[in-house]
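Topology and contacts: notes
Residues per chain are reported as follows:
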Amino acid sequence: MRIWGRGLVEGAAKGEILVASEPISFYGGVDPRSGRIVDKKHALYGKSIAGKILVFPYGKGSTVGSYVILSLAKNGVAPAAIVNILSEPIIIIGCVLAEIPLMDKPEKNPIEVLQTGEKGVIVVEKGKAYLEVEKYV
Amino acid sequence: MELTHEEEEILNGRRGEKLAKVLEVIVKVGEGLEAERLVNVTHAHISGISYKNIGDAGLEFIEKLASSNLRVSIPATVNPAGMDIKKWKEMGVKQDFAEKQLRILGSLRKLGFKMLLTCTPYLYEKIPPGSQVAWAESNAVLYANSILDLYTNREGGPLALLEAIVGKAPLYGYRLEENRRPGLVIDFSDIKRTIKERELYQAIGYYVGTIAKFKVPLIKNYPPSLLQSDNVKLFLAAVGASGSVALVRFHGEEKNLERYRPSIDDIYSALPADFSDEGTILMGCPHLSAHEIQWLANIVKRWGKPKRRVIIFTARVLENSVHKEIAALSRAGIEVYFDTCMVVADLKSMGVDKPLVDSAKAAYYLSSQGYDVRLFSRKDILRVFYGDHV
């Protein structure tokens, strides 16, 4: 299955998909050293986002979150790519600085059609992007 | 997004790779938000400079920018840091924290930022009305748009920092006249007198932010005292804490807008904290103005030393202009700190467990940091200072 969307930060990556149905606050919500979600109220609490194609609706919380994304990259525990329903400045700035491929406005709701654990390939070019997913039968 | 010839040249690296990267971030944000183009901004105010908030990630980012020979291209000021830069030892700040905080400030100075270290730049910076600016810090953004007729979005710390360097910001949101029109009306007719008598400016601000969410609120039938500068400062800070809106209109056409007419219970039930009086009194969120410090000094002159521990936060620029009043407050046992505030400093290291505040903004942020906060109106906080006989 291929999902097309808008390309915001160019690049390509492959990896396991991790789906969060709720927004993520990187500041206070993700540990920059381990790449784990440390927000106890979050459905993905305890999960590592390192190397994953991380799918979530949008970013929230403090704008310092951009620095946390950059820090994750420096520590080698950043997501391989991010897919949002709609990206806002915290995520866009973090991904540009950390050079993490970023796609948003997918044609289908990725939170409904994708499942954690599926393998995917993402390609983001100027303006457009797609996520190709191997579906388990 | 449409770019000018100059912007294309910067992006292509004609003025260095580092500057190209800075502009690239701004352009990507603009594309994400579907801005048609960038606009020149004439002043920047950045938040996110306390080591407590930005940690090593922010420290490294700011140091790297400073070491790459980039400089701000417009007048630019900074929000409070994580400590008083002179009296940090008295605040219980550890050596390691202080060193890192000073490194952040050193890099910002090298980048050309003016070390205003206050969340109230609007009291000290002179900017012509109608200007496009790039401000972070929610209370300052609300004051800029609502009172000073400046044009800015809530840029956020990292973006405002980069915009200060390039002098450009994406043109969208509150920068466009069409998005500054009111989207709902809040009518205070039923509680106008109570607001004035009990000085509930921050409380109604918190309510306005909660109700407005993303829409521009037009407020009606408020007591005129709301517009006095110290009151409107508390009011707008509370709006910014509880909502995402960046502009409040104080007059305008109502037309067919959705309308709210709150009762006093609506106001109290929206507040993030309850009312009791155990703990340490903290004032200065936003930073106290010269006028507020004079007011407090007069109270201390009349009533003597407060019965509780009181800590106040203000801007370093006032250190000289109201030095007599500050000396009087210190003699009365009130702890006075500059450059920092209750939200970005570490209150635990200052021995504060239960903050008693007169700012709904402070109540909101300190609650979210896990403190058991009590919120008072400015009038009631004096009762807490001295007991019931005031």
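Here the structure is a predicted model, which is why all the values come from computation and not from measurement.

1. Regarding empty space enclosed by the protein
All names here are of chain B. Tallying each qualifying case throughout the model produces two cavities of 30 Å³ or more. Counted as a void, the second largest cavity has a volume near 30 Å³. Lining the second largest cavity are Glu199, Tyr201, Gln202, Asn231, Leu234 and Arg378. Taken together, the elements giving at least two residues each to the lining of the second largest cavity come down to α8 (201-212) and α9 (229-242). Of the residues belonging to the lining of the second largest cavity, the class tally is two nonpolar, two polar and two charged.

2. So, the interface of chain B and chain A
It is common to report an interface's size as the accessible area lost on association of the parts. In this complex, chain B contributes 23 residues to the contact, which on the side of chain A involves 19 residues. Of the roughly 1,900 Å² buried at the junction of chain B and chain A (both faces included), carbon and sulfur atoms supply 63%. Taken as a group, B:Lys28, B:Phe61 and B:Pro158 account for 28% of the area that chain B buries against chain A, more than any other trio of residues on that side. Counting across the chain B and chain A interface gives six salt bridges. As a salt-bridge pair, B:Lys28 and A:Glu10 come within 2.6 Å of each other at their nearest N and O atoms. There are nine residue pairs in polar contact (both at pLDDT 80 or more) connecting chain B and chain A. Put simply, the parts of the chain that give the side of chain B that touches chain A at least two residues each are α2 (17-32), α3 (51-67) and α6 (157-166) of chain B. Each residue belonging to the side of chain B that touches chain A can be placed in one class, and the counts come to ten nonpolar, six polar and seven charged.

3. Concerning unusual backbone geometry
Residues and elements named next belong to chain B. With omega at -5°, the peptide bond leading from Cys285 into Pro286 counts as cis. When you line up the elements, Pro286 lands in strand β9 (residues 280-288). For Asp149, which is not glycine, the phi torsion reads 60° and is therefore positive. Along the polypeptide, Asp149 turns up in the loop between α5 (138-146) and α6.

4. Some remarks on the side chain of B:Arg316
Residue and element names in this part refer to chain B. One can find Arg316 in the loop between β10 (310-314) and α12 (318-321). A distance of 2.6 Å separates a polar atom in the side chain of Arg316 from a polar atom in the side chain of Asp339. Apart from the residues lying within four places of it in its own chain, the contact partners of Arg316 are Asp84, Ile85, Lys86, Phe338 and Asp339.

5. A few points about the sheet that holds β10(B)
Residues and elements named next belong to chain B. Taken in spatial order, the five strands make up an open sheet running β11-β10-β9-β12-β13, and their pairing is parallel. Looking along the sheet, the strands with just one partner apiece sit at the ends: β11 (335-338) and β13 (374-375). Both strand β12 (residues 355-357) and β13 contribute to a ladder of two bridges, which runs parallel. Residue pairing for β13: Val357 is matched across the bridge by Leu375.

6. Re the domain arrangement of chain B
Residues and elements named next belong to chain B. Split by domain assignment, chain B resolves into domain 1 (5-177), domain 2 (181-270) and domain 3 (280-386). In this assembly, twelve residues from domain 2 lie in contact with 18 residues from domain 3. Around 1,200 Å² of area is buried between domain 2 and domain 3 when both sides are counted, 55% of it from carbon and sulfur atoms. If you look at where domain 2 meets domain 3, you find one salt bridge. Glu292 is the salt-bridge partner of Lys233, the closest N and O atoms lying 2.6 Å from each other. At the surface where domain 2 touches domain 3, the tally comes to seven residue pairs in polar contact (both at pLDDT 80 or more). Going through the elements one at a time, α7 (192-198), α8 and α9 are the ones with two or more residues in the side of domain 2 that touches domain 3. Looking at the side of domain 2 that touches domain 3, its residues break down into six nonpolar, one polar and five charged.

7. Here we look at the packing of α3(B) against α6(B)
Residues and elements named next belong to chain B. α6 packs onto α3 with a crossing angle of 5° between their chain directions and a minimal axis gap of 12 Å. If you check the angle between α3 and α6, you find them roughly parallel. Along the contact surface, α3 presents Phe61, Ile62 and Leu65, while α6 presents Leu161, Leu162 and Ile165. When its residues are assigned to classes, the contact of α3 with α6 shows six nonpolar, no polar and no charged.

8. Digging into the nonpolar core
A:Phe26, B:Leu108, B:Phe113 and B:Phe235 are the most contacted members of the largest nonpolar core, which totals 142 residues. The greatest single-element share of this core, amounting to eight residues, is contributed by α3(B). Listed in part, the 25 residues of the second largest apolar core include B:Ile293, B:Val300, B:Val336 and B:Leu382.

What counts, and where the lines are drawn
Residues numbered from 1 in each chain as written. Chains lettered and ligands numbered in written order. Predicted model: local features only at pLDDT ≥ 70, side-chain atom pairs only at ≥ 80, totals over all residues. Heavy atoms only, no water. 1 Å grid on protein atoms, 1.4 Å probe; cavity = no way out; pocket = protein on both sides within 12 Å on 5 of 7 lines; lining within 4 Å. Points joined across faces, edges and corners; volume = space filled by probe spheres on them. Helix = DSSP H or I, 4+ residues; strand = E, 2+ residues; numbered from the N terminus. Nonpolar A, V, L, I, M, F, W, Y, C, P; charged D, E, K, R; others polar. Contact = heavy atoms within 4.5 Å. Buried area = accessible area lost by both parts, 1.4 Å probe. Salt bridge = Lys/Arg side-chain N within 4 Å of Asp/Glu carboxyl O. Polar contact = N/O pair within 3.5 Å; in protein donor to acceptor, adjacent residues only side chain to side chain. Pairing = 2+ DSSP bridges. Domains from an automatic or database assignment. Axes fitted to C-alpha atoms, helices over the stretch in contact; angles between N-to-C directions. Parallel < 35°, antiparallel > 145°, perpendicular 65-115°, else oblique. Core = buried A, V, L, I, M, F, W, Y, C linked by side-chain atoms within 4.5 Å. Buried < 20%, exposed > 50% of the residue type's maximum accessible area, 1.4 Å probe, protein only.

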